[in-house]
Amino acid sequence: MKELLRSTDPTVMAFASVLLRGEDIDCFEFDVNMSILEGGIGILPRRMMVREADFDRALSVLRDNDLLPAG
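The structure presented is a predicted model; accordingly, all values stated were derived computationally and were not measured. (Residues numbered from 1 in each chain as written. Predicted model: local features only at pLDDT ≥ 70, side-chain atom pairs only at ≥ 80, totals over all residues. Heavy atoms only, no water.)

J.: Would you mind showing me how to read unusual backbone geometry here?
T.: In terms of backbone geometry, most residues other than glycine have negative phi values and most peptide bonds are trans. One non-glycine residue, D24, lies in the positive phi region at around 60 degrees. Considering the arrangement of structural elements, one finds D24 in the loop between α1 (10-22) and β2 (27-30). According to the relative accessible area criterion, D24 is exposed, its value standing at 67%. You will see that D31, though not glycine, has its phi angle at about 70 degrees, which is positive. Within the secondary structure layout, D31 lies in the loop between β2 and α2 (32-37). (Helix = DSSP H or I, 4+ residues; strand = E, 2+ residues; numbered from the N terminus. Buried < 20%, exposed > 50% of the residue type's maximum accessible area, 1.4 Å probe, protein only.)

J.: Honestly, a nonpolar patch on the surface in this entry has me stumped. Any pointers?
T.: On the surface, M34, I43 and L44 cluster together to form a nonpolar patch covering roughly 280 Å² of accessible area. Relative to the helices and strands, M34 resides in helix α2. Judged by its relative accessible area of 45%, M34 is partly exposed. (Patch = residues over 30% accessible without salt bridge, like charges linked within 9 Å, V, L, I, M, F, W, Y side chains within 5 Å. Areas by Shrake-Rupley, 256 points an atom, 1.4 Å probe, with all protein chains shown as cover. Salt bridge = Lys/Arg side-chain N within 4 Å of Asp/Glu carboxyl O.)

J.: Teacher, can you tell me more about the side chain of S7 here?
T.: Structurally, S7 can be placed in strand β1 (residues 2-7). The class of S7 is buried, set by a relative accessible area of 14%. Here S7 is in contact with V12, M13, P45 and R46, once residues within four sequence places are set aside. (Contact = heavy atoms within 4.5 Å.)

J.: Where do I start with the nonpolar core in this structure?
T.: Within soluble globular proteins, side chains that are nonpolar tend to cluster in buried spots. If you look at the biggest cluster of nonpolar residues, it comprises 17 residues, and the most contacted ones within it are L4, L5, L20, M48, V50 and L62. The set of elements that each furnish at least two residues to this core consists of β1, α1, β3 (46-50) and α3 (55-64). At five residues, the largest contribution of residues to this core is made by α3. Non-local contacts of L5, meaning those with residues more than four positions away in its chain, are made with V12, M13, A16, R46, R47, M48, L62, L67 and L68. (Core = buried A, V, L, I, M, F, W, Y, C linked by side-chain atoms within 4.5 Å.)

Nothing here speaks to function; it is geometry throughout.
Right under this line is the structure:
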């Protein structure tokens, strides 16, 4: 698995997950339990992971929807 996105904003992670699943790209959030344990302060980011084979396509999906900077 490869890290695609890192964010402390749960709405960004949810939106990214919906976009990826809409394109039939499996994704998984790491560090969800750690961010819950920190009490909602927002200092511990969550990581969105995808399979290495899906990484380039997933990157394009997020860039096309302005979740990642172009480049």
